[in-house]
Amino acid sequence: MDRMIYLAMNGAKHLLQQQASTAHNLANVATPGFRAELNAFRALPVVGGGLPTRTFVVDSTTGSDFTAGAMQYTGRSLDVAVRDKGFFAVQSPNGEAYTRNGGFEVDANGQLKTRNGLPVLGEGGPITVPTDGQIIISEDGTVSSLPNGQTVGATEVGKLKLVNPPERDLIRGGDGLFRLANNQPAAADPQVQVFAGTLEASNVNPTEALVNMISNARQYETQIKLIQTAEQNSRQAAQILNIGS
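Residues numbered from 1 in each chain as written. Predicted model: local features only at pLDDT ≥ 70, side-chain atom pairs only at ≥ 80, totals over all residues. Heavy atoms only, no water.

**Q** Looking at this structure, I do not really get the overall build of the protein. What am I missing?
**A** When helices and strands are tallied, the protein shows two helices and 18 strands. Residues counted as buried form 38% of the 245 residues belonging to the protein. For the protein, restricting intrachain contacts to residue pairs at least 6 apart in sequence, the fraction spanning at least 24 positions comes to 62%. Working note: accessible area of the protein is about 13600 Å², and carbon and sulfur atoms make up 53% of it. (Helix = DSSP H or I, 4+ residues; strand = E, 2+ residues; numbered from the N terminus. Buried < 20%, exposed > 50% of the residue type's maximum accessible area, 1.4 Å probe, protein only. Contact = heavy atoms within 4.5 Å. Areas by Shrake-Rupley, 256 points an atom, 1.4 Å probe, with all protein chains shown as cover.)

**Q** Looking at this structure, how should I read the sheet that holds strand E13 (residues 155-159)?
**A** Strand pairing within a sheet occurs via backbone hydrogen bonds; the two strands may be parallel or antiparallel. In space, the three strands of this open sheet follow the order E11-E12-E13, with antiparallel pairing throughout. The sheet is open, and its two borders are formed by strand E11 (133-137) and E13, each paired with just one other strand. Strand after strand, the sheet turns through a mean of 30 degrees between neighbouring axes, direction not considered. When E11 meets strand E12 (residues 142-147), the two strands line up antiparallel, connected through five bridges. Bridging from a neighbouring strand, isoleucine 137 pairs with valine 143 of E12. (Pairing = 2+ DSSP bridges. Axes fitted to C-alpha atoms, helices over the stretch in contact; angles between N-to-C directions.)

**Q** What should I look at first to understand the packing of aromatic side chains in this one?
**A** Aromatic rings in a pair are described by how distant their centres are and how their planes are angled relative to each other. Applying the stated criterion across every chain yields a total of four aromatic pairs. Ring geometry for phenylalanine 66 and phenylalanine 178: centres 5.4 Å apart, planes at 45 degrees, overall tilted. Remark: phenylalanine 178 occurs in strand E16 (residues 178-180) and phenylalanine 66 occurs in the loop between strand E2 (55-64) and strand E3 (71-73); sequence separation between them is 112 residues. Looking at phenylalanine 178, the relative accessible area reads 5%, which means it is buried. On the basis of an interplanar angle of 55 degrees and a centroid distance of 5.8 Å, the ring pair of phenylalanine 87 and phenylalanine 178 is categorised as tilted. Taken together, the positions of phenylalanine 87 in strand E5 (residues 87-92) and phenylalanine 178 in strand E16 put the pair 91 residues apart, joining distant regions of the chain. Residues phenylalanine 87 and phenylalanine 178 agree in their burial class; the two are buried. (Phe/Tyr/Trp six-rings, centres within 6.5 Å; stacked < 30°, edge-to-face > 60°.)

**Q** I keep staring at unusual backbone geometry and nothing clicks. Help me out?
**A** Residues apart from glycine generally show negative phi values, whereas peptide bonds are mostly found in trans. The backbone phi angle of aspartate 84 is positive, close to 65 degrees, even though this residue is not glycine. Even without a glycine there, the phi angle at asparagine 183 is positive, about 60 degrees. Of note, asparagine 183 is situated in the loop between E16 and strand E17 (193-196).

**Q** Whenever I open this one, the environment of serine 145 confuses me. Can you help?
**A** As for its position among the elements, serine 145 is in strand E12. Measuring from C-alpha to C-alpha, the distance between serine 145 and isoleucine 135 comes to 4.8 Å, with ten residues separating the pair along the chain. With residues up to four places along the chain from it excluded, the contact list for serine 145 reads Pro130, Gly133, Gln134, Ile135, Gly153, Ala154, Thr155 and Val157.

**Q** Honestly, the side chain of serine 144 in this entry has me stumped. Any pointers?
**A** Structurally, serine 144 can be placed in strand E12. The contact partners of serine 144, leaving out residues within four places of it in the chain, are Gln134, Ile135, Ile136, Ala154, Thr155, Glu156 and Val157.

**Q** Help me understand the pattern of salt bridges in this model?
**A** If charged atoms from side chains of opposite charge come close, those side chains can pair. This model, assessed by the stated rule, comprises twelve salt bridges. Of the charged contacts in the structure, one is a salt bridge between aspartate 79 and arginine 76, with a shortest N-O distance of 2.6 Å. Owing to a relative accessible area of 26%, arginine 76 belongs among the partly exposed residues under this scheme. Between arginine 83 and glutamate 139 there is a salt bridge whose closest N-O contact spans 3.5 Å. Placement of arginine 83 in strand E4 (residues 80-83) and of glutamate 139 in the loop between E11 and E12 is noted, with a sequence separation of 56 residues between them. A relative accessible area of 45% means that glutamate 139 is categorised as partly exposed. Connected through shared salt-bridge partners, Arg76, Asp79, Glu105 and Arg115 make up one network. (Salt bridge = Lys/Arg side-chain N within 4 Å of Asp/Glu carboxyl O.)

If you want it as structure tokens, here you go:
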């Protein structure tokens, strides 16, 4: 009886974690460049004397879905999307990090930043641009400034640091940014190119996420019913033993 309760309890616990991950993905359907979290269940035996038939469930995050999202043309000069593989490098409080969200802003000091205030890194460090000109970002990530009212005479002010580390080496942080497992900065990759005036949409499929939420909820209900059934069986067994004694 205890084995049934133990298995159902662990199943219910990790289904709640799976549901939280699915809800997180669904909440980021509209977040540019978001990569869906992937989770999987695996069973491990309980190690110890007297419990050779017991197992418990581990909900392991297998990583992220790095499938590219749809490209959405915005026409805004500071909206940039990575073409195919690669990431933008940004400066986070915990060191260099990587994102696919290319919706940039220029602050009052002319520093190029993400919409949540993180400096965007160039190959020589954070990029600063003139605040009184038009910003142009080319396919190779070169950032230029064109004086207002002019069509020629753009001046190069920096180049976006575009990286393409092995996806298996990337770890997602609690802030949604990716970092290398050894927390070392990745080298710039000249093969990575970008689309200007474009944002990459989240790769979360909202329909699939909703179906997963319903499936997780039903599986959770099944685990709870198993626990209730085990409790009823235990009570009935206790009554039979009491009558027999």
